[in-house]
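A look at the structure
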Amino acid sequence: MQNAFSVGELLWEPRRVAEAIGSGIIYQNLGEQQRKELDEIPKAEFLDKVIGALMDPKPLDICMPVLNAVLAAQYCEVFRAMNLPTKLSVYEPCVGGSTPVIIAAEAHSEGRANYLTINLNKKLLEELKTKIGHLRMAVRIIEDNAQRALEHLQPDSIDVACFHHAVNDLLQTAVSEPRGMDTTAVDWFPNERKMIEWLAEDVAEGRLEQRGKPELMQVIRDAVGFVRPGGYLIFDHFNWRRFIGVDWFPWDLFYNLIPMTRRWIAESGLPVTEVEMPGVDRQWWMVLRVSE
Ligand SMILES: C[S@@+](CC[C@H](N)C(=O)[O-])C[C@H]1O[C@@H](n2cnc3c(N)ncnc32)[C@H](O)[C@@H]1O
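Just so we're clear, the structure is a prediction, and the values are computed from it rather than from any experiment.

What follows deals with the overall build of the chain. Each helix and strand counted, the chain has eleven helices and seven strands in total. Taking 19 Å as the expected radius of gyration for a compact globule of 292 residues, we find that the chain reaches 18 Å, a close match to that expectation. Taking the principal axes of its C-alpha atoms as reference, the chain extends roughly 50 × 45 × 35 Å. Considering only contacts in the chain between residues 6 or more positions apart, those separated by 24 or more positions represent 76%.

This brings us to the nonpolar core. Counting residues in each nonpolar core, the largest one holds 81 residues, and the members touching the most others are Ile21, Ile26, Val70, Val90, Val160, Ala161 and Leu233. With eleven residues, helix H4 (residues 64-81) is the single largest residue contributor to this core. Those residues within four positions of Ile21 in sequence are excluded, and the remaining contacts are Ile26, Tyr27, Leu38, Val50, Val66, Ala69, Val70 and Ala73.

This part is about the sheet that holds strand S5 (residues 227-236). Through backbone hydrogen bonds, the strands of a sheet pair up, either in parallel or in antiparallel fashion. One open sheet holds the seven strands; their spatial order is S3-S2-S1-S4-S5-S7-S6, and the pairing between them is mixed. Each edge of the sheet is formed by a strand with only one pairing partner; in this case those strands are strand S3 (138-143) and strand S6 (272-274). With strand direction ignored, the average angle separating the axes of adjacent strands in the sheet is 20°. Bridging between strand S1 (residues 89-93) and strand S4 (residues 158-164) involves two bridges; their strand directions are parallel. In the strand pairing of S4, Val90 is matched with Val160.

Moving on to the packing of helix H3 (residues 43-54) against H4. Running from N to C, H3 and H4 point in directions that differ by 65°, and their axes come no closer than 9 Å. The handedness of the crossing between H3 and H4 is right-handed. In this structure, H3 contributes Lys49, Val50, Ala53 and Leu54 to the contact, and H4 contributes Val66, Leu67 and Val70. Along the lines of polarity and charge, the residues of the contact of H3 with H4 split into six nonpolar, no polar and one charged.

Okay, unusual backbone geometry next. Looking along the chain, the bond that leaves Asp56 and enters Pro57 is cis, with omega of -15°. Tracing the sequence through the fold places Pro57 in the loop between H3 and H4. The phi angle at Asn83 is positive, at roughly 60°, despite the residue not being glycine. Phi at Asp156 takes a positive value of approximately 55°, unusual for a residue other than glycine. Looking at the element boundaries, Asp156 is found in the loop between S3 and S4.

Next up on the list: the site of the ligand. Around the ligand, the surrounding shell holds 21 residues, and the nearest of these are Cys94, Gly96, Ser98, Asn121 and His165. At the level of elements, strand S2 (114-119) and helix H7 (167-176) are the ones that each hand at least two residues to the shell around the ligand. Residue contributions to the shell around the ligand peak at three residues, all from H7. The residue makeup of the shell around the ligand, split by class, is ten nonpolar, ten polar and one charged.

Further remarks concern the pairing of S4. For S4, the buried fraction is high: seven of the seven residues fall into the buried class. Here six bridges tie S4 to S5, and the two strands are oriented parallel to one another. By the bridge assignment for S5, Val160 is matched with Tyr232.

What follows deals with the pairing of strand S7 (residues 285-290). Burial analysis of S7 places five of its six residues in the buried class, the great majority of the element. Sheet topology note: the S5/S7 ladder contains five bridges and is antiparallel. Following the sheet pairing, Leu233 is matched in S7 by Leu288. As judged from the three bridges shared by S6 and S7, these two strands associate in the antiparallel manner. Each bridged residue has a counterpart across the sheet, and for Thr273 the counterpart in S7 is Arg289.

The next point concerns H3. With twelve residues, H3 should cover 16 Å at 1.5 Å per step; its first-to-last C-alpha distance of 18 Å lies within 8% of that length. Looking only at H3, the buried set comprises Lys49, Val50, Ala53 and Leu54. For H3, the buried positions fall inside an angular range of 130° around the axis, keeping them on one side. Exposed and facing more than 90 degrees away from the buried side of H3 are Ala44 and Glu45.

About the criteria used
- Position labels on residues start from 1 in each chain and follow its written sequence.
- In keeping with the model being predicted, local features are shown solely for residues with a pLDDT of at least 70 and side-chain atom pairs are shown and tallied solely at 80 or more, while totals for entire chains, interfaces and linings include all residues.
- The helix count covers DSSP runs of H or I at least four residues long, the strand count covers runs of E at least two residues long, and both are numbered beginning at the N terminus.
- It is over C-alpha atoms that the radius of gyration is taken, and the globule rule equals 2.2 Å times the number of residues to the power 0.38.
- Contacts are defined on C-beta atoms placed from the backbone: any two residues whose C-beta positions lie within 7 Å are in contact.
- Definition of nonpolar core: a set of buried Ala, Val, Leu, Ile, Met, Phe, Trp, Tyr and Cys residues joined via C-beta atoms within 7 Å.
- Every C-beta atom is placed from the backbone, and the number of other C-beta atoms within 10 Å of a residue's own sets its class: buried at 20 or more, exposed at 12 or fewer, partly exposed in between.
- A strand pair is defined by DSSP finding two or more bridges across the two strands.
- To define axes, lines are fitted to C-alpha atoms, for helices over the stretch in contact only, and angles between the resulting N-to-C directions are given on a 0 to 180 degree scale.
- Helix crossings fall into two classes, left-handed where the near helix is turned counterclockwise from the far one by less than a right angle and right-handed where it is turned clockwise.
- Each residue receives one of three labels: charged for Asp, Glu, Lys and Arg, nonpolar for Ala, Val, Leu, Ile, Met, Phe, Trp, Tyr, Cys and Pro, and polar for the others, Gly being one of them.
- The criterion for a residue being near a molecule or strand is simple: its C-beta atom, placed using the backbone, must lie within 6 Å of it.
- Helices are assigned an expected span. That span is 1.5 Å times one less than the residue count.
- For this quantity, the arc is that covered by the directions from the helix axis to the C-beta atoms.

Right, dumping it as structure tokens:
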């Protein structure tokens, strides 16, 4: 099944994305449960749900099965726009229980990709394993801190490193572990508010430069070294409109996570150049090409 997107087109056109997740390239690479959830959505509501999932910040009435499939379609179109090889090698730090990058790699490669993640939280990895039994591509899951990635990956061995909604994950771990939370063992989501409050506290007190930034930048710097010259790093972050104005939630920080990371990378002098893509909002996405 070919990816219906053509290079040079506007990315993420809603009707094309709806087709990809409703019956096309993404749908065909989903697990049975994820397909069933999409099948149950009334046809008349499908396109509106896709349009909602493509909005940033995300609206209140988001449909999660559609959002997850839409994110996979977005990654898949970016892979195509970057002209990545069919048999691509993917590195994803901090996958948790989420499948968008995995499904995009499976779809883009028709099951011939190599995918590797480094992730700490055990429960989320168990959840992930229940969703990926159907995959044909080679998947390697390493339970470790992504700051130790040099022990697991070789230089110039990866076509694309995907930081899918992972900047906040890395910052949250960096501020929570020193405060005594074992982020490997905790149930992530019930504990996430505490992690975010600690992150907000460190930002308010000007501590992010000492704790948070160094850990994030180390993982990014290592990833740049794993990506072959001419390969890419992709970052995305999204957020929910419902958090705007919520007193404990640091909206300004989360709204600006990608621009802040862009600035830190620019200041670091890493050998990357940003690639702009038609239709891709730089507030929420960043695509970097590693210099040759
Ligand atoms: C909520 S999940 C998010 C999954 C995915 N990035 C997403 O947003 O859909 C957060 C995951 O990031 C992992 N994580 C955070 N910091 C990490 C680090 N330094 N090394 C490895 N994994 C990390 C956590 O262990 C957890 O499994």
